Amino acid sequence: MVGKKVRARWASILFAVLFLVQFQWAGGIPGAFAADKDTILSASSDYGQVLVKRGDAIYANERRVSFSWVRNDSFSAKGYSFSRYLSASGTEADVQSAQFGSYTSDYTGYIPHAFVVSLDKIYFISSVMEYKQNGMEVGKWTRSSEDAFGLQTPRNVYSYETPVKLVINADTGVVVDLASQINPYYKVKPDSSNFNPTANPTIPTELPLTPTNITAIVSGNNVQLKWLGAANAMQYEVEQDGTVVKTLYGNQYSAGNLKYDTAYSFRIRSKNNLGVSEWSEPFSARTLLSIPLLRFQPLSEANQLNWEAVTGAESYEIKLDGGAAINVGNVTSYLHEGLKPSSQHTYSIRAISSNNESEWSKVVNQTTLPAGVEGLNITGTTNKSITLAWSAVSGATSYEVEVDGVTVPVNNLTYTTTGLEGYSEHTFRVRAKNAAGVGAWSKIVTGVTLLNTPVTKATSTTSAITLSWEPIAGAGSYEVEADGVIQPAVTETSFTHSGLSAGTSHKYRVRAKTDKEHK
């Protein structure tokens, strides 16, 4: 009970400290008013930045706002580690009011255009992990899921407990900060922050002026229009090729997914609660040529570049390895040669015409194929196996061995094929592999397994021992070693060792031979 009283006392002190260091909000709740079917919640004085409710959604300059925010922080030093996770989320229905201005904090930096939105409640999560170690003592972790009020999270935090405000970057529509007393600390001290609200806009009493200074940024098949905000304008209408395509807030519009290499005409007029202005002078913008799509056929000492012809293109420019652009003419392929095997290269391409061009394609990395394998040879043979070895190829990540027409992946410089028939012939070749593909095959090497070993039977008399065995396929003759003496060129499948003393012991070995010598 005493612990709870002490904790409550510290909590009240903490609230007082937090109140002093938290944001001081100027201005009251701006009066919301309807424009068409939208409700403007907040705006800059010239309506260049507008937060609007449209149906069940809220938009900041035509970008839908997701009322969620996450923040992570960590810090480590010798014997100490700290990490914190915070998240807050609300819904459009929880929004009570909004104010436009500029915002600065240690966490976000300076945000020139910001909407600070008050919510009735948010769902808040706080998690802290801290590790401490002193000297030779065993380190200890402490974990907490309490917020700054000492209350367990996750939990709903209501506006009557403490002001609950989320900060929206008006230029991106993204929630960037939680402006509330439950978010005061990150390491050891409160964040420094400041919000400078601007005067609430007034409802115009005169018709708006016509927009001027229209400019465009063209990228691919998109046109980004901007214009100078017109006096008394609350909204703008954009006409594209004679058809009104958009009514919007703010002074920019993006026309996307247009046809490539096509001219479009735009006009813009202002709008407010009293009516519309005259249309601006037509503004023409032409989309770019489409970007060629590069495909590659790598070789060991070259890269073959291919692409589909671009409609309207008269030539193409290529950048090789970051160098200056090379005009390769009205072709759809290019051979970049004189390269080293397994070397990496970069490529970018664009289409060109007499009055237009495409954007440069993204830079693509392409590696040449590895060199051919050298030094393939047979290093070991038995009657059932053959072992191969070869020299390493620079840049190779693995190899492929072809055994009698069947390809086998290999990750080192040797390979043994097993389960073969005695005295059988086999062909081998090897190629190197890297991320680009496979190199050229090596020269073919032929290997022959050894003859099978004869299985002997022995019969004896008092003065002789006779050995016999089944014929060995491929054998032209046999060698018999009797007590260390080799009897060559035995053509029969038996051998008699005679002139022996009764009761004596003798040793024999037999091997098959062909008419040709093999390893």
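Caption draft 1: Layout of the overall build of the protein chain. Within the protein chain one finds one helix and 44 strands. Rg of the C-alpha trace for the protein chain: 42 Å, well past the compact-globule value of 24 Å for 519 residues, more than 25% over. With respect to the principal axes defined by its C-alpha atoms, the protein chain has extents near 135 × 85 × 35 Å. The proportion of buried residues among the 519 residues of the protein chain is 42%. Carbon and sulfur atoms make up 51% of the accessible area of the protein chain, which amounts to about 28100 Å² in all.

Caption draft 2: Up close: the sheet that holds strand S29 (residues 344-352). The strand order across the open sheet built from four strands is S27-S26-S29-S30, with neighbouring strands paired in antiparallel fashion. Two strands in the sheet have a free side with no partner beyond their single neighbour: strand S27 (326-329) and strand S30 (364-367). Across the sheet, the axes of successive neighbouring strands diverge by a mean angle of 35°, strand direction being ignored. In this structure, S29 lies alongside S30, joined through four bridges in antiparallel fashion. Looking at S30, one finds that Tyr-347 is bridged to Val-364.

Caption draft 3: Highlighting the pairing of strand S8 (residues 95-105). Burial runs high along S8: nine of the 11 residues are buried. The sheet contact formed by S8 and strand S9 (residues 109-119) spans nine bridges and is antiparallel. Across the sheet, residue Val-95 finds its bridge partner in S9, namely Leu-119. Between S8 and S9, which pair antiparallel in sequence order, lie three residues. Pairing of S8 with strand S15 (residues 193-197) involves five bridges; the strand directions are antiparallel. In the sheet register, Ser-105 faces S15, and the bridge partner there is Ser-193.

Caption draft 4: Here's a closer look at the nonpolar core. Core analysis: the largest hydrophobic core is formed by 26 residues, its most contacted members being Leu-51, Val-117, Ile-122 and Ile-168. At the level of elements, strand S4 (57-60), strand S7 (80-89), S8, S9, strand S10 (121-132), strand S13 (164-169) and strand S14 (174-180) are the ones that each hand at least two residues to this core. Discounting residues that sit within four places of it in the chain, Ile-122 has contacts with Ala-88, Ser-89, Arg-155, Asn-156, Val-157, Val-164, Leu-178 and Ile-182.

Caption draft 5: The arrangement of the sheet that holds strand S40 (residues 465-469) in detail. Pairing in this open sheet of three strands is antiparallel, and the strands run S39-S40-S43 from one edge to the other. Bordering the open sheet on either side are strand S39 (456-460) and strand S43 (494-497), each of which pairs with just one other strand. If you compare each strand with its neighbour and ignore which way they point, the axes differ by 20° on average.

Caption draft 6: Region of interest: the pairing of strand S21 (residues 263-272). Of all 10 residues in S21, seven are buried, a share of seventy percent or more. In this sheet, S21 lies alongside strand S18 (residues 235-240) in antiparallel orientation, the contact comprising six bridges. The partner of Glu-237 across the bridge, within S21, is Arg-269. In this sheet, strand S23 (residues 283-286) lies alongside S21 in antiparallel orientation, the contact comprising four bridges. From the neighbouring strand, Phe-266 faces S23, where its bridge partner is Phe-283. With two bridges joining them, S21 and strand S22 (residues 275-276) adopt antiparallel strand pairing. Bridged to Asn-272 within S22 is Gly-275. Joining the antiparallel neighbours S21 and S22 is a turn of two residues.

Caption draft 7: Region of interest: the environment of Glu-130. By secondary structure assignment, the location of Glu-130 is in strand S10. Expressed as a C-alpha distance, the spacing of Glu-130 and Ile-318, which sit 188 residues apart in the sequence, is 54 Å. With residues near it in sequence (within four places) discarded, Glu-130 still touches Tyr-80, Ser-81, Phe-82, Lys-140, Trp-141 and Thr-142. Within the structure, the side chain of Glu-130 is placed 2.5 Å from the side chain of Tyr-80, a separation counted as a polar contact.

Caption draft 8: Looking closely at the confidence of the model for the protein chain. Taken over all residues, the pLDDT of the protein chain has a mean of 90, while the share at 70 or more is 91%. Within the model, the stretch residues 1-34 combines pLDDT values under 50 with 45 contacts to residues more than four positions away or in other chains.

Rules used in this analysis
Residues numbered from 1 in each chain as written. Predicted model: local features only at pLDDT ≥ 70, side-chain atom pairs only at ≥ 80, totals over all residues. Heavy atoms only, no water. Helix = DSSP H or I, 4+ residues; strand = E, 2+ residues; numbered from the N terminus. Rg over C-alpha atoms; globule rule 2.2 N^0.38 Å. Buried < 20%, exposed > 50% of the residue type's maximum accessible area, 1.4 Å probe, protein only. Areas by Shrake-Rupley, 256 points an atom, 1.4 Å probe, with all protein chains shown as cover. Pairing = 2+ DSSP bridges. Axes fitted to C-alpha atoms, helices over the stretch in contact; angles between N-to-C directions. Core = buried A, V, L, I, M, F, W, Y, C linked by side-chain atoms within 4.5 Å. Contact = heavy atoms within 4.5 Å. Polar contact = N/O pair within 3.5 Å; in protein donor to acceptor, adjacent residues only side chain to side chain. pLDDT = per-residue confidence, 0-100.

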